[in-house]
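Residue-level listing of the chains:
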Amino acid sequence: MALNDISVLLVEDDPVFRRVVASFLDSRGALVTEADDGIQGLNCFKRQNFDVVLADLSMPNLGGLDMLREMYRLDPATPSIVISGNNVMADVVEALRIGASDYLVKPVADLYIIEQSIRQSLSTLALSAEQGRAQGSDYTELDELSRAELDENLRLLEQNAEAARHIQQQLFPAFEVNYPKATLDYSLYKSDGISSYFIDSTMADSDHLVFYMAHFHPEDNRAAFASVLLRSFVNHKLKAYRNGVSRAVVEPFNMLSYLNERIVKSGLEITVDIIYVCVELKHFRASIAQAGHGLRCYLRNDKGLTPLALPDALQLGLLDWGKPSSQFRSLLPGESLCIATSDPSHKDMLLQNRFDGLVCGEDFIPGGYVQASFS
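Computed from a prediction, not measured in an experiment: that's the story for all the values here.

Here we take up the sheet that holds strand S11 (residues 285–291). The antiparallel open sheet is built from five strands, whose spatial order is S8-S9-S10-S11-S14. Whereas interior strands pair on both sides, the edge strands pair on one side only; in this sheet they are strand S8 (197–205) and strand S14 (325–330). Neighbour-to-neighbour, the strand axes of the sheet open up by a mean angle of 15°, direction not taken into account. With eight bridges connecting them, S8 and strand S9 (residues 208–217) associate as antiparallel partners. Among the inter-strand pairings, Ser201 is bridged to a residue of S9, identified as Phe211. Lying on the sheet, helix H8 (residues 222–242) is in contact with S8, S9 and strand S10 (271–280); it crosses S8 at an angle near 10°. Along the sheet, helix H9 (residues 252–266) contacts S10, S11 and S14; its crossing angle with S10, the most-contacted strand, is approximately 150°.

The following block contains the structure:
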């Protein structure tokens with residue numbers, strides 16, 4: 001059978017849907033273990049090795065995201081597939097960042113989609129490992145983040161301003177994020193429901209902090225669409241890096257080249273100003289790349305802000321895009337890296353250490369700043 005002897009951990013709190021899916025997978029030859037919440041699922045994962053995990057995100061006791069984080073810590077090689085409703089797209093994006101290989105949207109119209117997703121996740125894992133051994137950093141784009149599913153959900157964001165605002169707000173972190181050896185603070189100001197600016201950060205591994213700030217054009221509902229899309233593309237390269245098959249996520253020059261290709265092919269018809277930074281935390285070496293204009297990268301110390309020499313480059317999203325501008329820098333003790341919009345009031349607030357997170361108000365000038373400090 002198609003799934004003969006493949007062991008599946010199915011974690012789902014809806015007993016009817018769980019039984020339907022389990023019966024289907026059993027009929028296709030899979031060996032299914034059922035769990036009705038995150039705690040039970042995690043206990044099963046600790047007792048037994050599984051080929052794949054199929055998990056709902058909205059569960060009592062221990063939510064799907066927290067369960068997947070712990071599973072990834074225990075065994076990052078086990079692929080996972082998440083199931084969610086349309087109203088938790090931000091959680092889906094976070095699950096992809098944690099390491100989920102695919103996602104499905106409830107209600108699942110055809111159970112064979114689940115089988116296809118399992119087979120694709122397992123084959124992608126095997127092929128990625130083989131390519132990593134044979135080709136080093138050369139990585140064929142095998143997984144396009146379930147493009148049909150993603151496109152269908154993101155189209156809803158274009159059409160529904162309130163849904164777009166809600167989803168985008170969920171993507172923004174708290175105003176202060178603490179990492180080993182680094183702290184990220186930011187303020188972004190918007191005058192209406194959708195922010196045309198977006199910031200994101202993550203630890204690629206224990207030694208590399210990645211963060212970026214982006215400005216989307218046009219400044220409409222597509223900015224929310226683009227926020228999800230951009231973070232999903234970064235997640236894709238993040239997973240490739242953690243699987244040992246691509247270093248692009250920690251190489252800002254190559255990362256912006258990849259992002260431009262993906263944005264052009266998305267058909268969204270947006271352009272993006274972006275500054276993308278990777279800091280190697282053992283020796284505090286920063287690699288910085290910029291596309292577009294309107295954002296500036298600064299070195300901050302006790303003397304104030306010093307702009308880094310990054311010439312303007314073409315925005316992402318253009319067919320005739322050339323290449324980003326880039327710079328490498330070793331940071332001295334006490335120095336921080338900042339990205340800010342060009343409005344003088346934003347730089348003044350940055351120097352005042354005014355970090356408010358995402359703020360909405362008619363009196364604010366759209367834009368803001370993000371600062372990475374190191375210890």
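In this structure's numbering, the residues bearing the UniProt feature "modified residue: 4-aspartylphosphate" (unreviewed entry) are Asp56. Turning to its location among the elements, Asp56 is positioned in strand S3 (residues 52–56). In this structure, Asp56 is in contact with Val11, Glu12, Asp13, Gly64, Ile83 and Lys106, ignoring residues within four places of it in sequence.

Buried within helix H3 (residues 64–74) we find Gly64, Leu65, Met67, Leu68 and Met71. Seen end-on, H3 carries its buried residues on one side only, within an arc spanning 160°.

For the peptide bond that leads from His217 to Pro218, omega is 0°, which places it in the cis range. A positive phi angle, close to 70°, is found at Asn61, a residue other than glycine. Assignment of secondary structure puts Asn61 in the loop between S3 and H3. A relative accessible area of 60% places Asn61 in the exposed class. Phi at Phe284 is positive, roughly 55°, even though this residue is not glycine. Relative to the helices and strands, Phe284 is located in the loop between S10 and S11.

What counts, and where the lines are drawn
Residues numbered from 1 in each chain as written. Predicted model: local features only at pLDDT ≥ 70, side-chain atom pairs only at ≥ 80, totals over all residues. Heavy atoms only, no water. Pairing = 2+ DSSP bridges. Helix = DSSP H or I, 4+ residues; strand = E, 2+ residues; numbered from the N terminus. Axes fitted to C-alpha atoms, helices over the stretch in contact; angles between N-to-C directions. Contact = heavy atoms within 4.5 Å. UniProt positions renumbered as here; feature names shortened; annotations may be inferred. Buried < 20%, exposed > 50% of the residue type's maximum accessible area, 1.4 Å probe, protein only. Arc of directions from axis to C-beta.

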